[in-house]
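Here's the letter readout for the chains.
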Amino acid sequence: MNEPVKNMRIILRVNGEAVEAEVPVRRNLVDFLRGDLGLTGSHVGCEHGVCGACTVVVDGAIMRGCLLLAVQADRCDIETIEGADESGRIAALQAAFHRRNALQCGFCTPAMLLTAAALLAQNGNPTRDEIRECLSGNFCRCTGYQAIVDAVAEVAEVVEAKA
Amino acid sequence: MKFQAPIGLSLPRDRAKRLLAGRGQFVDDIQLPRMLHLAFVRSPYPHARIAVIDAVEAAAMPGVVRIMTGADLAGVVSSWRGTHGLFPDMKAPEQTALATDTARWQGEAVVAVAARSRAEAEDATEQVIVDWEELPVLGDAQTALGDAAPSIHAELGGNLAFFAEIEQGDVETAFGDAHVVVERRFRFNRHTGVSLEPRGLIADYDPASHRLTVHQSHQTPHQQQDLYARLLNIPEQNVRVICPDVGGAFGLKHHLYADEMTAIAASKLLGRPVKYIADRLESFLGDIHCRDHTVTARMAFSAEGDILAIDIDDLFHAGAYSQYPRSSVAEGNQIIRLCGIPYRHEHYRAKVRMAYLNKSPLGHIRSVGHPIACAVTEHLVDLGAKRLGLDPIAVRRRAYLRDEDCPIVSPGGIALERPSFHGCLDRALERIDIDAFRAEQARLRERGVHRGIGFATFVDLTAIGPEYYGEGGQHISAQETCLLRLEASGGIRCYTGATDQGQGIDTGIQQVVAGIVGVPMDDVKVNSGDSELCPVGGGSWGSRGAALAGEAALRAGRKLRLNILNIAGVLLQKSANSLDIRGGSVVDAVSGATHMALSEVAEVGHFKPYTIPDGVAADLTVIGRYASRNRMFLPANGLHVAILDVDTDTGLVEFRRYLVVHDCGRILNPMLVDEQVRGGVVQGIGGALYEEFIYDDDGYLRNGTLADYLVPMAAEMPDIEVEHLQTPTTTSELGAKGVGEAGTTGAMGAVLNAVNDALSPFEFNLSEFPLTPPRILRTLGKI
C-alpha cells in the first residue's frame with residue numbers, strides 16, 4: 001500500500017499574480033491564503049461554512065474559503081479583499097460602507113463587501129428584501145445589518161442611475 | 001452648555017477605512033518568529049476526575065514541542081478566585097490555568113499541546129490518553145442547591161455561591177391589600193456574545209529581559225497587564241498588553257480565561273511566542289455565557305393602576321467557577337436592583353441565589369442582567385393592565401417616575417438623576433399612532449393575522465464609577481486618562497485608556513479633542529489599546545467610553561488649548577484670554593482674524609522654549625484625568641417598541657416595526673450612537689427569539705456550532721428606528737451617558753410583550769426565552 005499523499009503542488013492565480021506552492025492536502029483555502037500568502041483580509045469565523053467571514057472569489061464566484069481545500073483551488077483564479085480593494089472594483093461599496101458606518105469591528109466586512117459586489121453584479125437594482133436575503137449567509141454581530149443594507153442599496157441606486 | 005463642532009456631528013470613522021480595505025490587523029493576522037501554536041485536550045465530560053494522563057505517544061508526534069498538564073504549570077502561574085469585596089459573603093473556588101484533579105465542565109482545558117502549527121498541535125491532542133472517572137453532574141441551579149446535591153467544590157462546603165435580599169417597605173401587607181396581583185415564572189435560557197472573531201492571543205515572553213508582551217483580542221489591556229504581572233510574577237512595568245483590531249467583544253473579552261492564561265504560562269515556560277486562537281466549538285464551550293436565570297416575580301396594583309409592591313426571586317448560577325477578576329455576581333445583583341425601576345412603588349423585595357454547577361462559567365455579556373429586569377418588570381405591567389382592564393400605556397404613564405419625584409434612590413438602591421420616561425413614551429407615540437395600530441390589529445385578526453405591539457421601558461446602568469470595583473478589591477480602573485501631544489508640525493496625537501472594538505469611541509474622542517482644542521478632525525490621531533503606550537484606563541465595557549474617556553479627553557483638550565494660547569500670547573504680546581483656536585489656527589477671540597498657525601506655536605514650544613518666560617504653562621504634552629465621584633452608576637433610560645406578527649401555524653415571528661427612544665445625555669456622534677443601538681437591538685432580538693444553549697439531561701451541550709446555535713441574520717431582522725432625547729448628566733461637563741447596553745436591554749421585554757399581545761385572543765402566556773416556534777406552538781396547544 002502506498003503512503004498517503006501529504007502534500008501537493010498547486011499552481012493558481014491570486015489577485016492577478018501567479019502563485020506556485022507546495023501545500024498540505026488537508027489545508028483549507030482560507031488558511032492557505034492567510035497563512036502561506038499573508039492575505040489576512042479574509043477571516044476565519046466558524047470553519048464550518050456558516051458565518052461567511054472567509055468568503056473569497058474563485059473563478060468569478062463567491063465561495064467559502066473554509067469549505068474548500070487549497071488543492072481544490074489548483075489552476076483557479078482567486079480574488080481576495082486585497083485584490084478587490086486594489087483593483088478599485090468595490091470602491092463605491094467601500095465608500096458607502098464608510099459613509100454610513102456599515103461596519104463596526106470590521107471582521108465580517110471584507111466578506112460582506114465581496115458578497116454585496118456579487119449581488120450587484122447579478123442584479124443592479126435589488127430590493128431591500130433581496131439585499132437582506134443575499135447577505136443572510138454573512139454573520140455580522142455588531143451592526144444589526146441595517147446600515148449594510150442601506151449602503152448596498154445606495155450603491156445599487158447609483159449603478160441603476162448610470163445604466 | 002454648547003460644545004463646538006465636530007462634537008455632535010455624524011462623522012464616519014478613520015479606522016473603518018483600513019478595515020474596509022482588508023487591512024485590519026486582528027490577532028490571528030500576526031505571526032512572530034519562532035512562534036508556537038497551542039491546542040487543548042478538553043474534558044469531554046461535564047464532571048469527571050482526571051485519573052491518569054498519558055502523553056508519551058503524543059509527545060513524539062511531528063512538530064510537538066511540549067505537552068503541558070496542570071502540574072507542569074503549577075510553578076509558573078498562580079491560581080485565582082473570582083471574589084468581590086463588595087459581596088463578602090460570596091464564595092468563590094480556586095481556579096487554575098489547567099484543571100488538575102477534576103474537570104468541572106464539558107470543555108474545561110486539561111492538557112495543552114504546543115507545536116509548530118495548529119494542525120500538528122491538534123493532531124497530538126488526539127493521541128493524549130486521559131483516564132477519566134465520571135462524576136455525578138449538576139446541571140441546573142435548583143438541583144445544585146438541593147439537599148442531596150454533592151458540593152462540586154468540596155472546599156466551599158455547598159453549592160450556594162451567593163445569596164442577597166433587598167427589602168423596603170411592607171411587602172406582604174401591600175400584596176394583601178392590593179386590588180390585583182399578577183405573578184409569573186420567567187425562564188431566561190443561556191446564550192452568549194458570539195463575537196465573530198473568536199478569543200485569541202499571542203503571548204511573547206522574553207526570558208533575557210524578563211519581559212512579557214501579549215497581543216490579545218481583548219477589551220481591557222490595563223486590567224490584563226495587572227493580572228499577568230501578578231499571576232506570573234513579572235514586574236508590572238515589564239508586562240505589555242496590546243489589543244490590535246478586535247473583532248467584536250460584547251463583554252466576553254474582558255475576562256481572564258483559563259485557556260488563555262495557559263497560553264501565556266506556556267510562553268513563559270518555553271521562552272517562545274505562543275499563539276492560541278479559540279475555534280468556534282471552543283468558543284461555544286468556553287466563552288463566558290450569560291442569563292440562565294429563573295425569575296419568579298409578582299406585582300401588586302391598585303384598582304387605578306398604581307404599582308403598590310414588587311416581589312422578585314431570582315435563581316441563577318455561575319457555572320463551575322466565578323469569572324475572574326470581576327466575579328459572576330453582577331447579573332443577579334443587577335436584576336434585584338433594577339426590577340421595577342422606572343416606576344413609583346414603595347414596597348419592594350428582591351432576593352437572588354447563585355449556585356455553582358457543572359457548566360462553563362457564566363458572567364458578564366452585553367447588558368448584564370438588564371434585559372431580564374426589564375422583561376420581568378414590563379411583562380408584569382402588561383399583565384396587570386390586562387387584569388385591571390386598563391390600557392397598558394395608560395398604566396405606564398400613571399406609574400412612571402415623574403420629574404418631581406427625582407432625584408431619587410430607587411428601592412433597589414440605584415440613584416436616578418433625571419430619567420425621561422415620560423418624554424421617551426411621548427416621543428414613541430409621536431411616531432406610532434396607537435389608535436390606528438389597535439384598529440388595524442383588530443382588522444388583521446379577522447383575517448387571521450396576529451399582530452402585536454410590545455413596550456419595554458428600562459434604565460441602563462452605564463459608566464460604572466470607581467467605587468464598584470475599587471471597594472470590591474479588584475484592580476479594574478473606572479477612571480480614565482487621556483494624553484495629548486502637540487507635534488511640532490501642529491498635529492495632535494491622542495492616547496486614551498479606552499479601547500475600541502468597533503463602537504467608534506476612538507472617533508468620539510477625536511471629536512471631543514478636535515472640538516475642545518479647536519482643530520480639524522484630521523489633525524487629531526487617536527491611539528488606543530496598548531497598556532504600555534496609553535495612559536491608564538479601564539478599556540471598554542459597561543457603556544463607559546463616551547461618559548468617562550470622553551470627559552478625560554475634554555479635560556486634556558482644555559489643558560492643551562490653554563498652553564497653546566499661553567505660548568501664542570507670549571509670541572503675540574497679547575493676553576491669552578483675547579485669543580482663541582479655530583480651524584487649527586490661533587485667532588483673535590473677538591474679530592476671528594487669524595494670527596498664526598498651530599505649527600508656529602508648536603515650533604516655539606518644541607524648539608525655542610527659551611523664548612517663553614518662566615512661569616508660563618507651556619507644556620505641549622498634557623494629561624487629562626476623570627474619575628466620577630459619589631456615584632456607583634450613571635443611569636441612562638429608554639423605551640423599545642416592537643410591532644410584529646406571529647404565525648400561529650408555524651410559530652414564526654416576523655417584525656413589522658421596531659422603534660427605540662433612548663436618552664444617553666449628550667451625543668458625541670449621532671450616527672455612531674444610532675448604530676450602537678441598532679446592533680444592540682439585534683443582539684437583544686437574538687436572545688429574545690433565537691439564541692439558546694441546549695443541554696441534554698446529562699449536562700452535555702448539544703449545539704456547539706453556528707449551524708445549530710441560531711444567531712440573527714440579515715433576512716429576519718427589521719429596520720430599526722432610533723430616536724433620542726438628550727438629558728445631559730450634571731455629574732460631568734460633557735454630560736454624556738453610555739449607550740452600549742441600550743439596544744440589548746429593552747429587546748427581550750418588547751418582543752415578549754408584543755408576542756403575548758399578538759396572541760392575546762388565545763389566552764396565551766409565554767414567558768420562557770427564547771420565544772422559539774416550538775415554544776410558541778406548545779403554548780398555543782398546537783403541538
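As the structure is a computational prediction, the values presented were derived from the model and not from experiment.

Let's talk about the overall build of chain A
The number of helices and strands found in chain A is six helices and five strands. Ordering the α and β elements of chain A from the N terminus gives β-β-α-β-β-β-α-α-α-α-α. For 163 residues, the compact-globule formula gives about 15 Å, and the C-alpha radius of gyration of chain A, at 17 Å, lands near that figure. Taken along the three principal axes of its C-alpha coordinates, chain A extends 60 × 30 × 25 Å. Counting over 163 residues, chain A shows a buried share of 56%. Partitioning the intrachain contacts of chain A with sequence separation of at least 6 by distance along the chain shows that 54% fall at a separation of at least 24.

Section: the pattern of salt bridges
Overall, the coordinates contain 71 salt bridges over all chains when judged by the stated rule. Put simply, Asp 719 of chain B and Arg 128 of chain A hold a salt bridge, and the shortest N to O gap is 3.0 Å. You can see Asp 719 of chain B sitting in the loop between helix 19 (670-690) and strand 30 (721-725) and its partner Arg 128 of chain A sitting in helix 5 (residues 128-134), one on each of two chains. Note on Asp 719 of chain B: relative accessible area 33%, which makes it partly exposed. The salt bridge partner of Arg 199 of chain B is Asp 259 of chain B, with a shortest N-O separation of 2.9 Å. Residue Arg 199 of chain B is found in the loop between strand 10 (180-192) and strand 11 (200-206), and its partner Asp 259 of chain B is found in helix 8 (residues 258-270); the two are separated by 60 residues along the sequence.

What about the packing of helix 19 of chain B against helix 20 (residues 742-758) of chain B?
Residues and elements named next belong to chain B. Between helix 19 and helix 20, the least distance of the axes is 7 Å, while the angle of their chain directions is 40°. Taken together, the axes of helix 19 and helix 20 are oblique relative to one another. Between helix 19 and helix 20 lies a crossing whose hand is right-handed. Together, Val 677, Gly 680, Val 681, Gln 683, Gly 684, Ile 685, Gly 687, Ala 688 and Leu 689 of helix 19 and Gly 743, Thr 744, Ala 747, Met 748 and Val 751 of helix 20 make up the contact between the two elements. Per-class residue counts for the contact of helix 19 with helix 20 are eight nonpolar, six polar and no charged.

Concerning the state of the cysteines
The final tally for this structure, using the stated rule, is zero disulfides over all chains. With no disulfide of its own, Cys 374 of chain B lies 9.5 Å from the sulfur of Cys 339 of chain B, the closest cysteine sulfur.

Here we look at the interface of chain B and chain A
A common measure of how large an interface is: the accessible area buried when the components associate. Taken together, the 51 residues of chain B in the interface contact 47 residues of chain A. On the surface where chain B and chain A come into contact, there are seven salt bridges. In this structure, the salt-bridge partner of Arg 132 of chain A is Asp 719 of chain B, at a minimum N-O distance of 2.7 Å. Linking chain B to chain A there are 22 residue pairs in polar contact (both at pLDDT 80 or more). Per element, the largest residue contribution to the side of chain B that touches chain A is eight residues, and it comes from helix 19 of chain B. Here the side of chain B that touches chain A is built from residues that sort into 25 nonpolar, 12 polar and 14 charged.

Some words on the packing of aromatic side chains
Residue and element names in this part refer to chain B. Throughout the structure, instances matching the rule amount to 18 aromatic pairs over all chains. Seen in terms of ring centroids, Phe 87 and Phe 162 are 5.5 Å apart; in terms of plane orientation they differ by 85°. Their pairing is edge-to-face. Of the two residues, Phe 87 is situated in the loop between strand 4 (80-81) and strand 5 (94-95) and Phe 162 in strand 9 (residues 160-168); the sequence distance between them amounts to 75 residues. Each member of the pair, Phe 87 together with Phe 162, is buried. For the pair Tyr 468 and Tyr 469, a centre-to-centre distance of 4.7 Å together with 80° between the ring planes defines the contact as edge-to-face. Across the pair, exposure class does not vary: Tyr 468 and Tyr 469 are buried alike.

Observations regarding the sheet that holds strand 3 (residues 64-69) of chain B
Strands pair in a sheet through their backbones, by hydrogen bonds, and they do so in one of two ways: parallel or antiparallel. Residues and elements named next belong to chain B. Spatially, seven strands are ordered 3-7-1-14-11-12-13 in an open sheet, and the strand pairing comes out mixed. This sheet does not close on itself; its edge strands, each paired only once, are strand 3 and strand 13 (239-242). Taking the axes of each pair of neighbouring strands and ignoring which way they run, one obtains an average angle of 20° across the sheet. Where strand 12 (residues 211-216) and strand 13 come together, four bridges link them in parallel fashion. In the sheet register, Leu 212 faces strand 13, and the bridge partner there is Val 239. Set on the sheet, helix 4 (residues 118-125) makes contact with strand 1 (36-42), strand 3, strand 7 (109-115) and strand 14 (274-277); between it and strand 1 the angle comes to about 25°. Of the strands in this sheet, strand 1, strand 3, strand 7, strand 11, strand 12 and strand 14 touch helix 8, which is tilted by about 25° from strand 11.

Describing the domain arrangement of chain A
Residues and elements named next belong to chain A. We note that the domain assignment places domain 1 (7-84) and domain 2 (88-162) within chain A. A separation of 22 Å is found between the C-alpha centroids of domain 1 and domain 2. Facing 17 residues of domain 1, the contacting portion of domain 2 comprises 14 residues. Between domain 1 and domain 2, roughly 1200 Å² of surface is buried when both sides are summed, and carbon and sulfur atoms account for 62% of that area.

A closer look at the domain arrangement of chain B
All names here are of chain B. Segmentation of chain B into domains returns domain 1 (27-136 + 195-249 + 253-286), domain 2 (366-466 + 630-779) and domain 3 (479-626). In this structure, domain 2 and domain 3 have C-alpha centres spaced 40 Å apart. The interface of domain 2 with domain 3 comprises 21 residues on the first partner and 18 residues on the second. Across the domain 2/domain 3 interface, buried area totals approximately 1500 Å², and carbon plus sulfur atoms make up 56% of it.

Looking at the sheet that holds strand 26 (residues 594-597) of chain B
Residues and elements named next belong to chain B. Spatially, 24-25-26 is the arrangement adopted by the three strands of the open sheet, whose pairing is antiparallel. Each of the sheet's edge strands pairs with one partner strand only, and the pair in question is strand 24 (579-582) and strand 26. Sheet twist, expressed as the mean angle between neighbouring strand axes with direction ignored, is 30°. Here strand 25 (residues 585-588) runs beside strand 26; their pairing, made up of three bridges, is antiparallel. Looking at strand 26, one finds that Val 586 is bridged to Met 596. Along the sheet, helix 17 (residues 545-572) contacts strand 24, strand 25 and strand 26; its crossing angle with strand 24, the most-contacted strand, is approximately 125°.

Here's the deal with the packing of helix 16 (residues 505-517) of chain B against helix 17 of chain B
Each packed pair of helices is defined by two parameters, the angle between the axes and the distance between the axes. All names here are of chain B. Remark: helix 16 packs on helix 17, axes separated minimally by 8 Å, with the N-to-C direction vectors making an angle of 30°. Taken together, helix 16 and helix 17 sit at an angle that is classed as roughly parallel. Of the two elements, helix 16 crosses helix 17, and the hand of that crossing is right-handed. For the pair formed by helix 16 and helix 17, the contact residues are Ile 505, Ile 509, Val 512, Val 513, Ile 516 and Val 517 on the first element and Gly 545, Ala 546, Ala 549, Gly 550, Ala 553, Leu 554, Gly 557, Arg 558, Leu 560, Arg 561 and Ile 564 on the second.

Some remarks on helix 16 of chain B
If you check helix 16 of chain B, its first and last C-alpha atoms are 18 Å apart, about what 13 residues at 1.5 Å a residue would give, namely 18 Å. Across the 13 residues that make up helix 16 of chain B, a large majority, 13, are buried.

A word on the side chain of His 317 of chain B
All names here are of chain B. Its place among the elements puts His 317 in strand 16 (residues 307-317). Of note is the side chain of His 317, whose polar atom sits 2.8 Å from the backbone nitrogen of Gly 319. Excluding anything up to four places from it in sequence, His 317 contacts Ala 141, Arg 190, Asp 292, Met 354, Ala 355, Leu 357, Lys 359 and Leu 362.

Observations concerning the pairing of strand 12 of chain B
Residues and elements named next belong to chain B. The buried fraction of strand 12 is high, at five of six residues. In the sheet, strand 11 pairs with strand 12 via six bridges, with the strands oriented antiparallel. When the bridges of strand 12 are listed, Tyr 205 appears paired with Leu 212. With antiparallel pairing between neighbouring strands as the criterion, strand 11 and strand 12 make up a hairpin whose turn holds four residues, including His 210 at a positive phi of roughly 55°. What joins strand 12 to strand 13 is helix 7 (residues 221-232), and the crossover it makes is right-handed.

Rules behind the numbers
Going along each chain's sequence as written, the residues are numbered from 1 onward. Chain letters start at A and ligand numbers start at 1, both assigned in the order the entries are written. For a predicted model such as this one, the threshold for reporting local features is a pLDDT of at least 70, and the threshold for listing and counting side-chain atom pairs is 80 or more; totals across whole chains, interfaces and linings nevertheless cover every residue. Calculated side-chain values reflect all of the structure's heavy atoms, with hydrogen atoms and water omitted. Labels follow the DSSP assignment, with helices taken as runs of H or I lasting at least four residues and strands as runs of E lasting at least two, numbered in each case from the N terminus. Radius of gyration here is computed from C-alpha atoms only, and the compact-globule reference equals 2.2 Å multiplied by the residue count raised to the power 0.38. Under the scheme applied here, a residue whose accessible area is under 20% of the maximum for its type counts as buried, over 50% as exposed, and between as partly exposed, the area being computed with a 1.4 Å probe on protein chains only. Whether two residues are in contact is decided by their heavy atoms, any of which lying within 4.5 Å being enough. For this document, the term salt bridge refers to a Lys or Arg side-chain nitrogen within 4 Å of an Asp or Glu carboxyl oxygen. Every angle, taken between N-to-C directions, lies between 0 and 180 degrees, and every axis is a line fitted to C-alpha atoms, over only the stretch in contact when it is a helix. What sets the label is the angle itself: under 35 degrees gives roughly parallel, over 145 gives roughly antiparallel, 65 to 115 gives roughly perpendicular, and the rest give oblique. Should the near helix be turned counterclockwise from the far one by less than a right angle, the crossing is left-handed, whereas a clockwise turn marks it as right-handed. Ten residue types, Ala, Val, Leu, Ile, Met, Phe, Trp, Tyr, Cys and Pro, are classed as nonpolar, four, Asp, Glu, Lys and Arg, as charged, and the remainder, Gly among them, as polar. In this description, the term disulfide denotes a pair of cysteine sulfurs within 2.5 Å. Polar contact criterion, stated in full: a pair of N or O atoms within 3.5 Å, where within protein one must be able to donate a hydrogen and the other to accept it, and residues adjacent in sequence count only if both atoms are side-chain atoms. Two aromatic rings from Phe, Tyr or Trp, using only the six-membered ring of Trp, form a pair when their centres are within 6.5 Å; if the ring planes differ by under 30 degrees the pair is stacked, by over 60 it is edge-to-face, and anything between is tilted. For two strands to be treated as a pair, DSSP must find no fewer than two bridges joining them. Domain limits in this description derive from either an automatic procedure or a database domain assignment. The term buried area means the drop in 1.4 Å probe accessible area that two parts suffer when joined, counted for both and summed. How far a helix is expected to stretch is found by multiplying one less than its residue total by 1.5 Å. For crossovers, right-handed means that the path from the first strand over the helix to the second runs clockwise, given strands pointing away from the viewer.

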